[in-house]
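Structural overview
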Amino acid sequence: MGHRNIVLIVLDSVRKDFFEEYAERIQDQSDFSCHQCRAASSWSLPSHASMFSGPLPSMHGVHTHSGNFSPLSVDDTFLSDMDKFTKFCVSANAFASDSYEFDKYFDVFIEASETRRFSDGFDPGEITQKIGNDNPRRY
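Below or above, wherever it landed, is the structure these notes cover. (Residues numbered from 1 in each chain as written. Predicted model: local features only at pLDDT ≥ 70, side-chain atom pairs only at ≥ 80, totals over all residues. Heavy atoms only, no water.)

1. What about the packing of aromatic side chains?
What counts here: Planes of paired rings set the category: under 30 degrees apart is stacked, over 60 is edge-to-face and the rest tilted, where pairs are Phe, Tyr or Trp rings (Trp by its six-membered ring) whose centres lie within 6.5 Å. Every helix listed is a DSSP run of H or I at least four residues long, and every strand listed is a run of E at least two residues long, numbered separately from the N terminus.
Counting across every chain of the model gives 12 aromatic pairs. Between phenylalanine 69 and tyrosine 105, the aromatic rings sit 6.0 Å apart at their centres with planes inclined by 90 degrees, giving edge-to-face as the arrangement. Of this pair, phenylalanine 69 sits in the loop between helix 4 (57-60) and strand 1 (88-91) while tyrosine 105 sits in the loop between strand 1 and strand 2 (108-111); the two residues are 36 residues apart in sequence, bridging distant segments of the chain. Three or more aromatic residues joined by ring pairs form one cluster here, namely Phe52, Phe69, Phe78, Phe102, Tyr105, Phe106 and Phe109.

In structure tokens form, the structure reads like this:
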């Protein structure tokens, strides 16, 4: 028997009513649905960490003051159970990017966004993170 592929599609900040109206093809092709789901946080970074690990941000340590995924090791995620498989990620989410160390969970990681169309190109998110919030150069 061949290997099955696992595809996780995360539509960050998409309201449920919009998803149901405009993503009918995705729903029709899926054999799984979660009703009554809630985000672990109102912010992408800790929510993604909770999706990959299970615990809430107060337990896994990825929250507003951590600033990236460094508190959460690969062994803390469901991906640690997939050592035999190639873990491939394409992300258009600035918070699920190499700037926030999200790439460490995958064997192949490609970023795609309006501000960075080529994965080897300039990354505005990385630059603004290095500059910091209090530096006037950021603006």
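Having seen the structure, we can now continue with the description.
2. Re the pairing of strand 2
Just so we agree on the cut-off: Accessible area is worked out with a 1.4 Å probe on protein chains only. A residue is then buried under 20% of its type maximum, exposed over 50%, and partly exposed in between. Paired strands are those between which DSSP finds at least two bridges.
The alternating pattern of strand 2 places Phe109 and Glu111 on a buried face and Val108 and Ile110 on a face that is not buried. Both strand 1 and strand 2 contribute to a ladder of four bridges, which runs parallel. Pairing of serine 91 across the sheet is with glutamate 111, part of strand 2.

3. As for the nonpolar core
Inclusion rule: To form a nonpolar core, buried Ala, Val, Leu, Ile, Met, Phe, Trp, Tyr and Cys residues must be joined to one another through side-chain atoms within 4.5 Å. Note on contacts: a residue pair is in contact if any heavy atoms of the two residues lie within 4.5 Å.
Core analysis: the biggest nonpolar cluster contains 15 residues, and Val62, Phe69, Leu79, Phe102, Tyr105 and Phe106 have the highest contact counts within it. Beyond its immediate stretch of four places on either side in the chain, phenylalanine 102 contacts Phe52, Phe69, Cys89, Ala96, Ser97 and Phe109.

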